[in-house]
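Coordinate analysis (summary)
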Amino acid sequence: MYKIACLPGDGIGVEIIPQAVKAIEAISKKYGYEFHFTEAYVGGAALDAVGVPLPEETLKLCKESDAVLLGAIGGPKWDNLPVHLRPEGASLLPLRKELGLYANLRPVVLYDALLDASTLKKEVIAGCDIMVIRELTGGLYFGEKKREKTERGQIAVDTLVYSTEEIERIARLGFETARKRNKKLCSVDKANVLESSRLWRETVTDLAKEYPDVELKHMYVDNCAMQLVRWPKQFDVIVTENTFGDILTDQASMISGSLGMLASASIGGKVALYEPSHGSAPDIAGQKKANPLAAILSAAMMLRYSFNLEIEAQEIEQAVVRVLDKGYRTPDIMQKGCTLVNTEEMGDKVADEILRAR
Ligand code: NAD
């Protein structure tokens, strides 16, 4: 039996997570595995329910589970709270830190059926398959922050810290991942300006000696942002620090058609966490418009990485491909001649495909 902590969170999180659960339950029905889901509050929902964004019980549940499935966190309702209560900073970041999840894997894959859904030209994105590895527990988001009053207003300080150990750990995962794919690793930094990036580049270069079979390239983050839309097929595996990875993956999501297609796995500790790369999308929350495929594909990553169920993970991924091939679309990826479905209907279609496939 696999124990899964289920944290829908806020906004569209509560709409998409049940669709991911349906996909896992379809696998359970088909193969006889037992998945036991326990739901808990996190983020704004936890603040509203119990007054803190990351309740002790939620953390305990996550630590005692085999994997965590998370929806999204945050929303305008909680945007103006003091820093220690704001959902993202006070729940998602500490949760990642507490679970030791230093690496975030974000596959950017373009499904053939969605060639026309992207705003980018077909010939630029056709066949795109990139794995972005983002460092998740260091850098700007975790460094010391402060505000000070000055005569004319205030100054605000965020600190960007990286140690050799942190860089080496994530870079090693980059090399190992590249080794299992097309053996090309692009390390992204801003070494022309930032000291932390200079250490990043030196450390990655040193480590490369252990991986002579992997072709290593360094790229400045501004150039990488441009190259991702100019010729994304040049990339196989990208490894980068926390802030750059956050921004570049949102940008890269457009290669796959929508942010609603981008799954993610956060790994490194005993218990891994799976969540779509997008946020709580307050602009469409409660309207049944959210694309649940990123959450469903995150569930597939859970089967692959946490439970070693590769065939079953592929079953989910192939079910997604078939549903898209049959022309079902949520509004974010809607194309002419396709059938518009809502969040729940998309979840049902994928679950049906899993059960129907032999
Ligand atoms: P967002 O990712 O929530 O939304 C950006 C845009 O993409 C919106 O137009 C939204 O409608 C669309 N979108 C996102 N997911 C979609 C989906 N599954 N289907 C269809 N369209 C989708 O980013 P934002 O608007 O900058 O942030 C909203 C809130 O989410 C903020 O409170 C932010 O702090 C939080 N956030 C949370 C996470 C997380 O939980 N991991 C990540 C990013 C942002």
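If you're wondering where the values come from, they're calculated on a predicted model, not measured in any experiment.

Observations concerning the side chain of Glu315
- By the element assignment, Glu315 lies in helix 11 (residues 310-325).
- In terms of polar contacts, Glu315 uses its side chain to reach the side chain of Tyr31, at 2.4 Å.
- When near neighbours in sequence (up to four residues on either side) are disregarded, Glu315 contacts Ile27, Lys30, Tyr31, Ile354 and Ala357.

Some points on the domain arrangement of the protein chain
- Under the domain assignment, the protein chain is made up of domain 1 (1-102 + 259-358) and domain 2 (118-256).
- Averaged C-alpha coordinates put domain 1 and domain 2 at centres separated by 24 Å.
- With 12 residues of domain 1 at the interface, the matching set in domain 2 holds 14 residues.
- Summed over both sides, the interface between domain 1 and domain 2 buries roughly 1,300 Å², with carbon and sulfur atoms accounting for 67% of that surface.
- Across the contact surface, domain 1 and domain 2 share 2 residue pairs in polar contact (both at pLDDT 80 or more).
- Among the secondary structure elements, those contributing two or more residues to the side of domain 1 that touches domain 2 are helix 4 (87-98) and strand 11 (265-267).
- Its residues assigned to classes, the side of domain 1 that touches domain 2 comprises 8 nonpolar, 2 polar and 2 charged.

Quick notes on the pattern of salt bridges
- The full count for this structure, using the stated rule, is 24 salt bridges.
- Here Lys30 makes a salt bridge to Glu315, at a shortest N to O gap of 3.0 Å. With Lys30 in helix 1 (residues 13-31) and Glu315 in helix 11, this residue pair connects regions lying 285 residues apart in the sequence.

Some words on the sheet that holds strand 5 (residues 129-135)
- Spatially, 2-1-3-12-11-4-5-10-8-9 is the arrangement adopted by the 10 strands of the open sheet, whose pairing is mixed. Both edges of this open sheet fall to strand 2 (35-39) and strand 9 (215-220), since each of them pairs with a single strand only. For this sheet the average axis-to-axis angle between neighbouring strands, irrespective of direction, equals 25°.
- Relative to strand 2, strand 1 (residues 2-9) runs parallel, the two sharing 5 bridges. Of the residues in strand 2, the one forming a bridge with Cys6 is Glu39.
- Lying over the sheet, helix 6 (residues 164-180) contacts strand 4 (103-109), strand 5, strand 8 (184-189), strand 9, strand 10 (237-240) and strand 11, oriented at roughly 165° with respect to strand 5.
- Set on the sheet, helix 8 (residues 221-230) makes contact with strand 5, strand 8, strand 9 and strand 10; between it and strand 9 the angle comes to about 105°.

The rules behind these values
Numbers given to residues run from 1 along each chain, matching the order in which its sequence is written. Residue-level local features of this predicted model are given only where pLDDT is at least 70; pairs of side-chain atoms are given and counted only at 80 or more, and the full residue set underlies all totals for whole chains, interfaces and linings. Excluding hydrogens and water, the side-chain figures rest on all heavy atoms present in the structure. Helix numbering and strand numbering both begin at the N terminus, where a helix is a DSSP run of H or I of at least 4 residues and a strand a DSSP run of E of at least 2. Each polar contact in these results corresponds to two N or O atoms within 3.5 Å; when the atoms are within protein, one needs to be able to donate a hydrogen and the other to accept it, and residues that are neighboring in sequence are counted only if both atoms are side-chain atoms. Contacts are assigned to residue pairs with any non-hydrogen atoms lying within 4.5 Å of each other. Marked domain ranges trace back to an automatic or database domain assignment. Computed with a 1.4 Å rolling probe, the buried area is the accessible surface lost when two parts are put together, summed over both parts. Under this grouping Gly is polar, as are all residues other than the nonpolar Ala, Val, Leu, Ile, Met, Phe, Trp, Tyr, Cys and Pro and the charged Asp, Glu, Lys and Arg. Take a side-chain nitrogen of Lys or Arg and a carboxyl oxygen of Asp or Glu: if they are within 4 Å of each other, that pair is a salt bridge. When DSSP finds at least two bridges between two strands, those strands are taken to pair. To get an axis, a line is fitted to the C-alpha atoms, and for a helix only the part in contact is used. The angle between two axes follows their N-to-C directions and goes from 0 to 180 degrees.

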